[in-house]
Amino acid sequence: MTKAQTQAVAKARSAVAAKEAKKPVPRVGIVSLGCPKALVDSERILTKLRAEGYEISGSYEGADVVLVNTCGFLDSAKKESLDAIGEALRENGKVIVTGCMGVEESRIREIHPGVLSVTGPQQYEAVVDAVHQVVPPRHDPFVDLVPPQGIKLTPRHYAYLKISEGCNHRCSFCIIPSMRGDLVSRPAAEILYEAERLVVAGVKELLVISQDTSAYGVDIRYAESLFARKKIKARMTELCAELGNFGAWVRLHYVYPYPHVDELMPLMAEKKILPYLDIPFQHASPSVLKAMKRPANDQKVLDRIQRWRKEVPELTLRSTFIVGFPGETEQDFDYLLQWLEEAQLDRVGCFKYEPVEGASANALPGAVPEELKEERWHRFMQAQQAISAKRLQAKVGRTIEVLVDEITAKGAICRSHADAPEIDGTVIVANARTLKPGALAKVKVEKADAYDLYGKLA
Ligand code: SF4
């Protein structure tokens, strides 16, 4: 192009930009419910909209339209989703619904006939199209800047990294495979480029998520892809080794206890990834696990936990369990409590079994009465609280590394290698109010309660 042509193009561009600038900026509000996987879906939708010139509104009044990304996993989550849709309709009036509960369109429309559009999970294009219908984009490629790492709904210093979608298991209490389909893994290079962009943008902790992290790559036969001129296999161990090179904390969620999880121990010992595993065991009694269609063998798992701890003594294990599953007898429950005592897990969540609509477990005999579920839940929590408190108490006197999440009047609210955001405890550091969120610090632990640690800068 000649200089004159370049100038003419620039002039035309600024004329377009000036015309577009006179139009009001379209604004989208978002209510994002559910798990970190749904949060990543919300981030993808917002990144796309932001690239088209939309702004994100933090309030109902400031938004031209509100997206509600719903969760449909449990009945309580469905209720929360329906309530959120109702609130958005009352406060704003223009509401687009997406996410896991979107598969129940007729139920949503029956309760909230005023919603403008309903789509299921991961239907990014359909959601963006629905937004276009309500409030068209004011597109200006010269002023619409999207940060290269995309739009993140988590604080700037940590981000969820979704490595696959869907699941090949068919646990009898779960309807996720029917909502999200079979496992679909992302190529390793695509994940690594995303992780690299996030770290360059200031992210200090990468939280690896999926429905089943240890199955990563099975569907694409561990295909290799090219990252920084190196062929990387789409396999959990290889991916984690590469993620560990970015210098950020790498935390693994939703790991199924397959044998190859053992391969992660050397990476933890070398401090490439955090010594932390979130493994949803769900139960320990062999007959309940069988009814749940979970292949894990309780005794083998206990042996492996012991071996892992020998190799990585500071390993933190987090898990979730379900009590009151159909057919769970008093013996099954006692077995679970005994297993818990032997496993000495650090962090544990427990749910009372809920018959989720569409789950095959609902057809199983031996429904446990609600009062009994409640009673077992309390006994379970009491037993685990004593274990967690003892394990936290053992940290008093040690010096640990923490990441600062926020500064409050109480001091810096931080997390250690053992604490995932939102679900685990925190480390409260009274004399660290001058630190900024995202900073790393060394802290001497002085006190512990059932969930949190308290300390001073070392
Ligand atoms: S592993 Fe089981 S509980 Fe987890 S998503 Fe797959 S089917 Fe559901």
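In this text, all values refer to a predicted model and were calculated from it rather than measured experimentally. (Residues numbered from 1 in each chain as written. Predicted model: local features only at pLDDT ≥ 70, side-chain atom pairs only at ≥ 80, totals over all residues. Heavy atoms only, no water.)

Trainee: Sorry, what's going on with the pairing of strand β4 (residues 95-99) here?
Mentor: Along any regular strand the residues' side chains alternate between the sheet's two faces. The element β4 is extensively covered by neighbouring structure, given that five of its five residues are classed as buried. In β4, alternate side chains face the same way, and those of Val95, Val97 and Gly99 on one face and Ile96 and Thr98 on the other are all buried. In this sheet, β4 lies alongside strand β3 (residues 65-70) in parallel orientation, the contact comprising five bridges. When the sheet's bridge partners are listed, Val66 is paired in β4 with Val95. As paired strands, β4 and strand β5 (residues 117-118) are joined by two bridges and run parallel to one another. (Buried < 20%, exposed > 50% of the residue type's maximum accessible area, 1.4 Å probe, protein only. Helix = DSSP H or I, 4+ residues; strand = E, 2+ residues; numbered from the N terminus. Pairing = 2+ DSSP bridges.)

Trainee: Quick question: what am I supposed to make of the pattern of salt bridges here?
Mentor: Two side chains bearing opposite charge may form a pair once their charged atoms approach each other closely. Per the stated rule, a full pass over the model turns up 33 salt bridges. Of the charged contacts in the structure, one is a salt bridge between Arg318 and Asp424, with a shortest N-O distance of 2.6 Å. Placement of the pair is Arg318 in strand β14 (residues 316-323) and Asp424 in the loop between β17 (411-416) and β18 (427-429), with a sequence separation of 106 residues. Each member of the pair, Arg318 as well as Asp424, carries the same accessibility label: buried. Through salt bridges with shared partners, a single ionic network connects Glu328, Glu330, Asp334, Glu375, Arg376 and Arg379. (Salt bridge = Lys/Arg side-chain N within 4 Å of Asp/Glu carboxyl O.)

Trainee: What should I look at first to understand the site of the ligand in this one?
Mentor: Contacts to the ligand come from Cys167, His169, Cys171, Phe173, Cys174, Ile176, Pro177, Gln211 and Arg294. Residue composition of the shell around the ligand, grouped by class: six nonpolar, two polar and one charged. (Near = heavy atom within 4 Å. Nonpolar A, V, L, I, M, F, W, Y, C, P; charged D, E, K, R; others polar.)

Trainee: Explain the packing of aromatic side chains here, please?
Mentor: We describe a pair of aromatic rings using the distance from one ring centre to the other and the angle between the two ring planes. Across all of its chains, the model carries ten aromatic pairs by this definition. Their ring planes at 90° and their centres at 6.4 Å tell us that Tyr158 and Tyr160 sit as a pair that is edge-to-face. With respect to burial, Tyr158 and Tyr160 carry one shared label: buried. With 5.2 Å between their ring centres and 40° between their planes, Tyr256 and Tyr258 make a pair best called tilted. Three or more aromatic residues joined by ring pairs make a cluster, and in this case those are Phe281, Phe321, Trp339 and Phe380. A cation over an aromatic ring shows up here: Lys352 above the ring of Trp377, its NZ or CZ 5.3 Å from the ring centre. One cation-aromatic arrangement involves Arg415 over Tyr158; the distance from NZ or CZ to the ring centre is 5.2 Å. (Phe/Tyr/Trp six-rings, centres within 6.5 Å; stacked < 30°, edge-to-face > 60°. Lys NZ or Arg CZ within 6 Å of the ring centre and 35° of its normal.)

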